[in-house]
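Residue-level structural notes
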Amino acid sequence: MPATAAASGAGPMSATVPASVVVGGTTGDDGPRPHPLDVLHRVWGYDQFRGEQAQIIETVVGGGDALVLMPTGGGKSLCYQVPALVRPGTGVVVSPLIALMQDQVDALSALGVRAGFLNSTQDPAQRRAVEQAYLAGELDLLYLAPERLRVRETVELLDRGTVALFAIDEAHCVSQWGHDFRPDYLQLSMLHERWPDVPRIALTATATEATHREIAERLQLGDARHFVASFDRPNIQYRIAPKDNPRNQLLTLLREEHPGDAGIVYCLSRSSVEQTAEFLAGQGITALPYHAGLDRNVRARNQARFLREDGVVMVATIAFGMGIDKPDVRFVAHLDLPKSVEGYYQETGRAGRDGLPSTAWLAYGLADVVQQRRLIDTSEGDAAHRRRLTQHLDAMLALCETVTCRRVQLLGYFGQASEPCGNCDTCLIPPDAWDGTVAAQKLLSTIVRLDQRGQRYGVGHLVDILRGKQTPRVQQLGHASLSTFGLGADLSDGEWRGVVRQLLAAELLEVDTEGYGTLRLSPGSADVLRGERTVPLRRDPTAGSGRTRRARGSSTPAADLAPGDVGAFERLRAWRAAAAREQGVPAYVVFHDATLREIASRMPGSLDELGTVSGVGATKLERYGPGVLAALDESTAPVGAAAQAEQTD
Ligand code: ADP
Ligand code: ZN
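Here, residues in each chain are numbered from 1, in the same order as that chain's written sequence. Lettering of chains starts at A and numbering of ligands starts at 1, both following the order in which they are written. Local features are withheld for residues below a pLDDT of 70 in this predicted model, meaning they are given only at 70 or higher, and side-chain atom pairs are given and counted only at 80 or more; totals for whole chains, interfaces and linings count all residues. Here the side-chain values reflect all heavy atoms present in the structure, with hydrogen atoms and water set aside.

Let us look at the overall build of the protein. By the criteria applied, helices consist of DSSP H or I runs no shorter than four residues and strands consist of E runs no shorter than two, each listed in order from the N terminus. Counting secondary structure elements, the protein contains 28 helices and 17 strands. Working definition: with a 1.4 Å probe on protein chains only, accessible area under 20% of the residue-type maximum means buried, over 50% means exposed, and in between means partly exposed. Counting over 649 residues, the protein shows a buried share of 54%. Only heavy atoms matter for contacts: two residues are in contact if any of them lie within 4.5 Å across the pair. Contacts in the protein between residues far apart in sequence, at least 24 positions, make up 72% of those at least 6 positions apart. Of the roughly 26,300 Å² that the protein leaves accessible, carbon and sulfur atoms contribute 50%. The accessible surface values rely on the Shrake-Rupley method and a 1.4 Å probe; as for residues, cover is taken only from the protein chains in view.

Now the structure itself:
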């Protein structure tokens, strides 16, 4: 068994390097290069490349540059990891994900790949050990934080060894149009200037035209081949629900559809993160908070628990999640409106990387539109910046208000045409569209009439006037005398709020920046008032009709196994929990659920047979094979003991 530091789980992995590897051909310029497909079989235990992986790998192995746009879970990592093992020297991976480098290195070490990282979390001794391993040609992959390339010593260090390729991970961080700009990424164009002969591969899961162009320009990828995969994630069910009582809606989602599942709940503010986590914990759900204001150690601990334990719900700001490659996140819920479709798609994409059914659920209401429009109006930065924010928000609102397939809209945003998917809320329960022109005129003329009196109000009072309610405020202000008073009694409060929300989303109405949440006409309002523009609206589904799930059955890992295989699967899980704990790595680093499932249904009787299961590479076979076979043998692994091991995880 190859004694890697990762396998022992103890001590600073980054300072040590696996003593032996299963990968050949990385020893120098002279030896014959292994074939990429052989590397895939031997190291990962996978049968074949997916989608365009083979062409991408071929390009980079041949010394060419590549720009890869692929959704989360699409299989980007192999696109640089395989070439790094095939080409002589070390693959240098530039990544902003400092907090995850240890996990990435651990996962590679479990495969027998020699990996290390250099970042600010290490002490000088740890750094020196990694540097020496690099110089000695003993590293297949080296992860670097982008800021390290500003340091002259790092550049000189790279010069003294052999760089097989540069991988620029999360390449959208170089784009100011996108949602995650990192200034340190701008200077990555130096890679090309300094090492013109080393192939570069830039990868991202963000794919609008604008971002795509900006990445190519700023990283000087003029000669690169571009690979744009389909961005569809068919196993994710997209749903956007009218916000009613968001916490209870969330609780219903978790209890009825995802009991015991791991998931992420995104909130806009730190305080709502903490309150929501507390609320869920009070309901007996294992929920942990994560935001940039928490102590670093608390954050690290919560992230580690989310990765290592089963069924933890992370309640977080968007500071959490990039690079989290936990495969079994079963749902991503948003309690607040995301600021852009790009951000939303990245965040929801963290669900279901293992390909099993998962849910992306967003609660969205009038207050979200009001709040976001206000935030933009009062934001710092120039007019161009505000215009960009407005464009992002408008696209997000259009997605929320669509009466057609969400997925068609989403993919259309990334420039990809598709057919209605059958696995989103609008496909499953098509909303009614109705002509809201007259309703819009009633609302807008109420605002005009109040304006003439020098008065502006928020949605609550406006709806009271339209519905003809004699509230104390209406009486006090004499608003019953307005000609629109009572003209809107045909719609309910909720329906009126839906009208206001959609007018705001379409910019046919504006939030007044002076008063909190008061409304005023927008430049587009006049067209509606004059009857020159019709206003098609979406009728919100009523509460309770929003439950569209279960069409595809339960998502628990054992769900679709043959009854006879369930016992073996559970024994394998228990064995895996114990192995992972012993080594201090997340369970999925040992084997994914999908691999355990295949083992349970095939019941291999020998190591050779086990080695043919997808996901069982040479190192894992050697390291875990005997344990797996023992776990399969019922007589040596009684279910009682197994269940106990699982519980103590
Ligand atoms: P990304 O970085 O694009 O989000 P990953 O590289 O993490 O995606 O891959 C997602 C999952 O798919 C991982 O579990 C990975 O092991 C698996 N995977 C990638 N390529 C293949 C392949 N050719 N065959 C089988 N599984 C694959
Ligand atoms: Zn659909």
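Right, picking up where we left off after that structure.
Take the pairing of strand E5 (residues 163-168) next. Counting buried residues in E5 gives 6 out of 6 residues, a clear majority hidden from the surface. Any two strands with at least two DSSP bridges between them are considered paired. Here 5 bridges tie strand E2 (residues 90-94) to E5, and the two strands are oriented parallel to one another. Of the residues in E5, the one forming a bridge with Gly-91 is Leu-165. Two elements, E5 and strand E6 (residues 200-204), share 3 bridges in a ladder whose sense is parallel. Across the sheet, Phe-166 pairs through a bridge with Arg-200, a residue of E6.

Here a donor is any nitrogen, oxygen or sulfur atom (N, O, S) within 2.8 Å of the metal, with 3.2 Å used for Na, K and Ca; water is not among the atoms considered, so some sites may look incomplete. Those protein atoms acting as donors to the zinc ion (ligand 2) are Cys-405 (SG), Cys-421 (SG), Cys-424 (SG) and Cys-427 (SG), and they sit at 2.3 to 2.4 Å. All geometry calls rest on donor angles, where a four-donor set with angles between 85 and 135 degrees is tetrahedral, four- and six-donor sets with opposite donors more than 155 degrees apart and all others between 65 and 115 are square planar and octahedral, and all else is irregular. For the zinc ion (ligand 2), the 4 donor atoms are set out with angles of 103 to 119° between them, so the coordination reads as tetrahedral. Each donor residue of the zinc ion (ligand 2) lies on one chain, and together they are spaced C-x15-C-x2-C-x2-C. Of this pair, Cys-405 sits in the loop between helix H15 (383-401) and helix H16 (406-413) while Cys-424 sits in the loop between H16 and helix H17 (425-428), and the two are 19 residues apart along the sequence. Classification of Cys-424 as buried rests on a relative accessible area of 0%.

Below, the discussion takes up the site of ligand 1. We define proximity as follows: a residue is near a molecule or strand when any one of its heavy atoms falls within 4 Å of that partner. Around ligand 1, a shell composed of 15 residues is seen, among which Tyr-46, Gly-73, Lys-76, Ser-77 and Arg-353 lie nearest. Any N or O atom pair separated by 3.5 Å or less is treated as a polar contact, with the protein-specific requirement of one donor-capable and one acceptor-capable atom, and with residues adjacent in sequence counted only for side-chain atom pairs. The separation between an oxygen atom of ligand 1 and a polar side-chain atom of Arg-353 is 2.7 Å. Each residue receives one of three labels: charged for Asp, Glu, Lys and Arg, nonpolar for Ala, Val, Leu, Ile, Met, Phe, Trp, Tyr, Cys and Pro, and polar for the others, Gly being one of them. In terms of residue class, the shell around ligand 1 is built from 4 nonpolar, 8 polar and 3 charged.

To describe a pair of aromatic rings, you give the distance between the ring centres and the angle between the ring planes. Paired rings are identified among Phe, Tyr and Trp, the last through its six-membered ring, by centres lying within 6.5 Å, and are further divided according to the angle between planes into stacked (under 30 degrees), edge-to-face (over 60) and tilted (the rest). For the coordinates displayed, the defined rule picks out 11 aromatic pairs. Measuring from centroid to centroid gives 4.8 Å for Tyr-290 and Phe-320, while their planes differ by 55°, and the two rings are tilted. One end of the pair, Tyr-290, is in strand E10 (residues 287-290); the other, Phe-320, is in the loop between strand E11 (313-316) and strand E12 (329-334), and 30 residues separate them in sequence. In terms of burial, Tyr-290 and Phe-320 fall into one category: buried. Aromatic pair Tyr-345 and Phe-414: ring centres 5.2 Å apart, planes at 45°, arrangement tilted. Taken together, the positions of Tyr-345 in helix H13 (residues 341-348) and Phe-414 in the loop between H16 and H17 put the pair 69 residues apart, joining distant regions of the chain. Considered together, Tyr-345 and Phe-414 belong to a single accessibility category, that of buried residues.

Let us now look at the sheet that holds E6. Ordered in space as E3-E4-E2-E5-E6-E1-E7, the 7 strands form an open sheet in which the pairing is parallel. Every other strand in the sheet has two partners, leaving strand E3 (115-118) and strand E7 (225-228) as the edge strands with one partner each. The sheet shows a mean angle of 20° between the axes of neighbouring strands, direction not considered. Axes here refer to lines fitted to C-alpha atoms; in helices the fit is confined to the stretch in contact. Angles between the N-to-C directions go from 0 to 180 degrees. Set on the sheet, helix H7 (residues 152-160) makes contact with E2, E3, strand E4 (141-144) and E5; between it and E4 the angle comes to about 170°. Helix-sheet contacts for helix H9 (residues 209-218) involve strand E1 (66-69), E6 and E7, and the interaxial angle to E1 is about 155°.

Moving on to the confidence of the model for the protein. pLDDT expresses how confident the predictor is about each individual residue, on a scale running from 0 to 100. Scored by pLDDT, the protein has a mean of 87; 89% of the residues are at 70 or more. The lowest-confidence element of the protein is helix H1 (residues 5-8), averaging 35 in pLDDT; the highest-confidence one is E11, averaging 98. A low-confidence stretch, residues 1-28 (pLDDT under 50), is modelled with 72 contacts involving residues beyond four sequence positions or located in other chains. Across residues 637-649, where pLDDT falls below 50, the model places 16 contacts with residues more than four positions away in sequence or in other chains.

All right, on to the sheet that holds E12 then. The 6 strands are arranged E8-E13-E12-E9-E11-E10 in an open sheet whose pairing can be described as parallel. In this open sheet, the two edge strands, each paired with only one partner strand, are strand E8 (236-242) and E10. The mean angle between the axes of side-by-side strands here comes to 15°, regardless of whether they run parallel or antiparallel. With 4 bridges connecting them, E10 and E11 associate as parallel partners. Among the inter-strand pairings, Pro-289 is bridged to a residue of E11, identified as Val-315. Most of the contacts of helix H11 (residues 270-282) go to E10, to which it runs at about 170°, and overall it touches E10 and E11. Of the strands in this sheet, strand E9 (262-266), E10, E11 and E12 touch helix H12 (residues 296-308), which is tilted by about 135° from E10.

For helix H25 (residues 593-602), the set of buried residues is Asp-593, Thr-595, Leu-596, Arg-597, Ile-599 and Ala-600. At its buried positions, H25 is contacted by helix H23 (563-583), helix H26 (607-610) and helix H27 (618-632). Backbone geometry just downstream of H25 places Met-603 in the positive-phi region, at approximately 45°.

Right, let's get into helix H14 (residues 366-377). One fewer than the residue count of a helix, multiplied by 1.5 Å, yields its expected span. Spanning 12 residues, H14 covers 17 Å between terminal C-alpha atoms, matching the ideal 16 Å at 1.5 Å per step. Residues of H14 that are buried include every one of Leu-366, Asp-368, Val-369, Val-370, Gln-372, Arg-373, Arg-374 and Ile-376, and no others. Close packing links the buried residues of H14 with strand E13 (358-364), H15, helix H19 (459-467), helix H21 (493-505) and strand E15 (510-511).

Before going further, it helps to spend a moment on the pattern of salt bridges. The term salt bridge refers to a pairing of a side-chain nitrogen on Lys or Arg with a carboxyl oxygen on Asp or Glu at a separation within 4 Å. Evaluation of the coordinates by the stated rule reveals 33 salt bridges. Close ionic contact of Asp-65 with Arg-200 constitutes a salt bridge, the shortest N to O distance being 3.2 Å. Of this pair, Asp-65 sits in the loop between helix H3 (53-61) and E1 while Arg-200 sits in strand E6, and the two are 135 residues apart along the sequence. You can call Arg-200 buried: its relative accessible area is 1%. Residues Glu-570 and Arg-573 are paired through a salt bridge, measuring 3.6 Å at the closest nitrogen-oxygen approach.

Its location among the elements puts Ile-264 in strand E9. C-alpha of Ile-264 to C-alpha of Thr-348: the two residues are 84 residues apart in sequence and 9.0 Å apart in space. Here Ile-264 is in contact with Phe-306, Met-314, Phe-320, Val-329, Phe-331, Val-332, Ala-333 and Arg-350, once residues within four sequence places are set aside.

We note that Glu-170 has phi near 50°; this positive angle belongs to a residue other than glycine. By relative accessible area, Glu-170 is classed as buried at 11%. Even without being a glycine, Met-603 presents a positive backbone phi close to 45°. Along the chain, Met-603 turns up in the loop between H25 and H26. Classification of Met-603 by relative accessible area gives partly exposed; the value is 40%.

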